[in-house]
Amino acid sequence: MSAVKKIFVVEQLRRTQMSELLSRGIRLDGRGFSDARELSIETNVIEKAEGSARVKLGNTELIAGVKANLGTPFPDTPDKGLLVVSAEVLPLASPYAEPGPPDESTIELARVVDRGVRESGMIDVSKLVLVAGKHVYAVFVDVSILNVDGNLFDATSYAVVASLLTAKIPKYILDEKGLPVKTDEMVPLPIQTVPVSMTMARIGDHLLLDPTTEEEALMEARITFVSDDRGNICAGQKGMPGSLTTDMVLQAASTARLKGEETRLLIKRAVSNA
Amino acid sequence: MGKQGGDSTRLIDEQGLRLDGRKLDDLRPIKIEVGNLKNADGSAYIQFGKNKIMAAVYGPKEVHPKHSALPDRSVLRCRYHMSPFSTEERKNPAPSRREIEISKVIREALEPSLILEDYPRTAIDVFVEVLQSDGGSRCAGITAASVALADAGINMRDLVSACAAGKVAGQVVLDVDDTEDKEGQADLPIAIMPSTNQVTLLQLDGQLNNEEFNRAFDWALSGCKKVYQLQREALIGRYFGKNERPMEIEA
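Residues numbered from 1 in each chain as written. Chains lettered and ligands numbered in written order. Predicted model: local features only at pLDDT ≥ 70, side-chain atom pairs only at ≥ 80, totals over all residues.

**A closer look at the overall build of chain B**
Stage number 1. Within chain B, the secondary structure is distributed over 4 helices and 9 strands.
Stage number 2. Written out in order from the N terminus, the α and β elements of chain B read β-β-β-β-α-β-α-β-β-α-β-β-α.
Stage number 3. Its C-alpha atoms give chain B a radius of gyration of 18 Å, within 12% of the compact-globule value 18 Å for 251 residues.
Stage number 4. Taken along the three principal axes of its C-alpha coordinates, chain B extends 60 × 45 × 35 Å.
Stage number 5. Taking the intrachain contacts of chain B between residues at least 6 apart in sequence as the baseline, contacts between residues at least 24 apart amount to 71%. (Helix = DSSP H or I, 4+ residues; strand = E, 2+ residues; numbered from the N terminus. Rg over C-alpha atoms; globule rule 2.2 N^0.38 Å. Contact = placed C-beta atoms within 7 Å.)

**Re the interface of chain A and chain B**
Stage number 1. Of the residues lining the interface, 29 residues belong to chain A; the matching set on chain B comes to 29 residues.
Stage number 2. Contributions of two or more residues to the side of chain A that touches chain B are made by helix H2 (104–119), strand S12 (233–239), strand S13 (244–245) and helix H5 (246–272) of chain A.
Stage number 3. Examining the composition of the side of chain A that touches chain B, we find that 7 residues originate from one element, S12(A), more than from any other.
Stage number 4. Its residues placed into classes, the side of chain A that touches chain B shows 12 nonpolar, 10 polar and 7 charged.
Stage number 5. Both S13(A) and strand S9 (residues 198–208) of chain B contribute to a ladder of 2 bridges, which runs antiparallel. What sits directly across from A:Leu244, in S9(B), is B:Val199. (Nonpolar A, V, L, I, M, F, W, Y, C, P; charged D, E, K, R; others polar. Pairing = 2+ DSSP bridges.)

**Side note on the pairing of strand S5 (residues 123–132) of chain B**
Residues and elements named next belong to chain B.
Stage number 1. Summarising the sheet, strand S3 (residues 51–61) and S5 pair through 8 bridges and their orientation is antiparallel. The residue of S5 that forms the bridge with Tyr 58 is Asp 125.
Stage number 2. This β-α-β element, strand S4 (residues 75–82) to helix H1 (residues 97–110) to S5, shows left-handed connectivity. (Right-handed = clockwise from strand over helix to strand, strands pointing away.)

**Looking at the environment of A:Thr60**
Residue and element names in this part refer to chain A.
Stage number 1. Within the secondary structure, Thr 60 sits in strand S3 (residues 60–71).
Stage number 2. For the pair formed by Thr 60 and Thr 212, sequence separation is 152 residues and the distance between their alpha carbons is 8.5 Å.
Stage number 3. Residues contacting Thr 60, with those up to four places away along its chain left out, are Asn 147, Val 148, Asp 149, Gly 150, Asn 151, Leu 152 and Ala 155.

**Some thoughts on helix H2 (residues 137–151) of chain B**
Residue and element names in this part refer to chain B.
Stage number 1. Helix length check: H2, at 15 residues, gives a terminal C-alpha distance of 21 Å against a target of 21 Å (1.5 Å per residue), a fit within 8%.
Stage number 2. Where burial is concerned, most of H2 is hidden: 15 out of the 15 residues are buried.
Stage number 3. At the exit of H2 stands Gly 153, carrying a positive phi of roughly 75 degrees. (Expected span 1.5 Å × (residues − 1). Buried ≥ 20, exposed ≤ 12 C-beta atoms within 10 Å, placed from the backbone.)

**Digging into the pairing of strand S9 (residues 196–203) of chain A**
Residues and elements named next belong to chain A.
Stage number 1. Most of S9 is tucked away: 8 of the 8 residues are buried.
Stage number 2. A two-sided burial pattern is seen for S9, the buried positions comprising Val 196, Met 198, Met 200 and Arg 202 on one face and Ser 197, Thr 199, Ala 201 and Ile 203 on the other.
Stage number 3. Strand direction decides the pairing type here: S9 and strand S11 (residues 221–227), joined by 7 bridges, are antiparallel. Across the sheet, Met 200 pairs through a bridge with Ile 223, a residue of S11.

**Brief notes about H2(A)**
All names here are of chain A.
Stage number 1. Between its first and last C-alpha atoms H2 spans 22 Å; for 16 residues at 1.5 Å apiece the expected length is 22 Å, and the two agree.
Stage number 2. Most of H2 sits inside the fold, with 14 of its 16 residues counted as buried.
Stage number 3. One or two steps after H2, the chain reaches Gly 121, where phi turns positive at roughly 70 degrees.

**A word on the packing of H2(A) against helix H3 (residues 152–166) of chain A**
All names here are of chain A.
Stage number 1. Where H2 meets H3, the axes come as close as 10 Å, and the angle between the chain directions of the two elements is 50 degrees. The angle between H2 and H3 falls in the class oblique. Between H2 and H3 the crossing geometry is right-handed. Along its contact with H2, which presents Leu 109, Val 112, Val 113, Gly 116 and Val 117, the element H3 presents Leu 152, Phe 153, Thr 156, Ser 157, Val 160 and Val 161.
Stage number 2. Of the residues that constitute the contact of H2 with H3, the class distribution is 8 nonpolar, 3 polar and no charged. (Axes fitted to C-alpha atoms, helices over the stretch in contact; angles between N-to-C directions. Parallel < 35°, antiparallel > 145°, perpendicular 65-115°, else oblique. Left-handed = near helix turned anticlockwise from the far one by under 90°.)

**Things to note about the confidence of the model for chain A**
Stage number 1. Averaged over all residues, the pLDDT of chain A is 93; the fraction at 70 or higher stands at 97%.
Stage number 2. In this model, residues 1–5 of chain A is a region of pLDDT below 50 whose contacts with residues beyond four sequence positions or in other chains number 1 contact. (pLDDT = per-residue confidence, 0-100.)

**Remarks on the sheet that holds strand S2 (residues 42–48) of chain B**
All names here are of chain B.
Stage number 1. Pairing within the open sheet is mixed, and its 5 strands lie in the order S1-S2-S3-S5-S4. Looking at which strands have only one partner, the edges of the open sheet turn out to be strand S1 (30–34) and S4. When strand polarity is set aside, the average angle formed by the axes of neighbouring strands in this sheet is 15 degrees.
Stage number 2. Against the sheet, H1 contacts S4 and S5, and its axis sits at roughly 140 degrees relative to S4.

**Considering unusual backbone geometry**
Stage number 1. Following B:Gly59, the chain continues to B:Pro60 via a peptide bond in cis, the omega torsion being 0 degrees.
Stage number 2. Turning to its location among the elements, B:Pro60 is positioned in strand S3.
Stage number 3. Here B:His64 and B:Pro65 are connected by a cis peptide whose omega angle stands at -5 degrees.
Stage number 4. Within the chain, A:Asn44 stands out as a residue other than glycine whose phi angle is a positive 55 degrees.
Stage number 5. In this fold, A:Asn44 is placed in the loop between strand S1 (39–43) and strand S2 (51–57).
Stage number 6. Even without being a glycine, B:Asn197 presents a positive backbone phi close to 60 degrees.
Stage number 7. Tracing the backbone through its elements, the reader meets B:Asn197 in the loop between strand S8 (186–193) and S9.

**Some details on the environment of B:Ala94**
Stage number 1. Summarising the element assignment, B:Ala94 is placed in the loop between S4 and H1.
Stage number 2. Spatially, the C-alpha atoms of B:Ala94 and B:His81 are 8.9 Å apart, while their sequence positions differ by 13 residues.

**A few points about the nonpolar core**
Stage number 1. A:Ala159, A:Ala162, B:Ala55, B:Ala144, B:Ala162 and B:Ile190 are the most contacted members of the largest nonpolar core, which has 144 residues in total.
Stage number 2. Per element, the largest residue contribution to this core is 10 residues, and it comes from H3(A).
Stage number 3. Discounting chain neighbours no more than four positions away, the residues touching B:Ile190 are B:Ala162, B:Cys163, B:Val199, B:Leu201, B:Leu202, B:Ala220 and B:Cys224. (Core = buried A, V, L, I, M, F, W, Y, C linked by C-beta atoms within 7 Å.)

Structure follows, in structure tokens:
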């Protein structure tokens, strides 16, 4: 009982302190409201994966790995390859993380990241087909979250995108009987655009880009927008049990587009050095 | 959500009419009934195009398991579920990842409207059962659930009204149906508290440029306001209407 009370008091103090600082335009770590934390991306860190990336966004740290094989297409999309994104918050990632099947937040995370990659058309899935209706490439991107310090949505998205950009998957051909055979040739994925995710937390009247765990603990609502390199918005998600004004939504969309461009350059530079 | 391309031109004809004859900014027919489930503390049934959705509220009630109770407020819980017969192909009745995500965003869309501090140490359960699905079942589900919460007498700041806009055959449209959702280019479901214009749900699948996004957002907001009028009428009809049953008084 006392523990509950203590947390409550500390939370109130933090909330008061943070809103006082925010009203003066200051974030706890000194960033501006529309500044993201330092992003570092290292690619090809797992040799056995077809593509991989280790991303650090501030103290949030994770690894994405790509595995690809041949599979059967969904009946309603016989002429498209498969692309599946999933994520797991490992129990070593935070004192609050526990082993077990993914909870609703992790499912939401994976689905929103997947939506950004899919809806941007980053991978031209129509080119991942060997025999329509029968044999298509199935590309799996799995993300292991190693350290949680806020904004898993963007960090996960950057890792997935960087690993797909650098992935080389085994090429399959058909033998004389028309059966698929794996070759030694490794080919890059058919990339069309580089989607960039931008997440903001609403605390009071302020929208903070790239929130830390400390800021997330106090946020009332969260909004994510993913933009492509033509400036289209291609995925979005509001989260958390609070609301946003319509102006905040429009502001978030425009910040996502503008700031996304900066991060897109960082990602492209990181993968070209690989 | 479909990709660009495909045979999407036929979704809108030369007169600017959609497959079901609607104009670009028309809603599908909507019908809301209040209080048809006797056991629930509050309930609502909505037909939104071909969507047929039942929403029920149980609570405020004792929380099980007890440790999930909160000392200063009620715990809102939400389950969105699709019946196996609600879709073209039979849907596996086990909750899918999609349903888990939608349950979460529906809960988060309803929560800002409720004064949960009025019911400490209790739980409020909201069940949204999709009996037949068409496009936009999450919006219709939120709309029905908010009416069911009002029917249950849960203290609230406002109703929550939901509606989607999208992009079909290169044009922004209001209220995307099933075919348009599958073959269209974008879907932007939103929910608002209409009195204050606060956005409580927003999701986007598909590509919209700046201008399209602004127009779709604007249209979806006006769609929500039309839905709000129907929610109000349904509640007024239930509690004050001439031909309705008198309000049941609990012992």
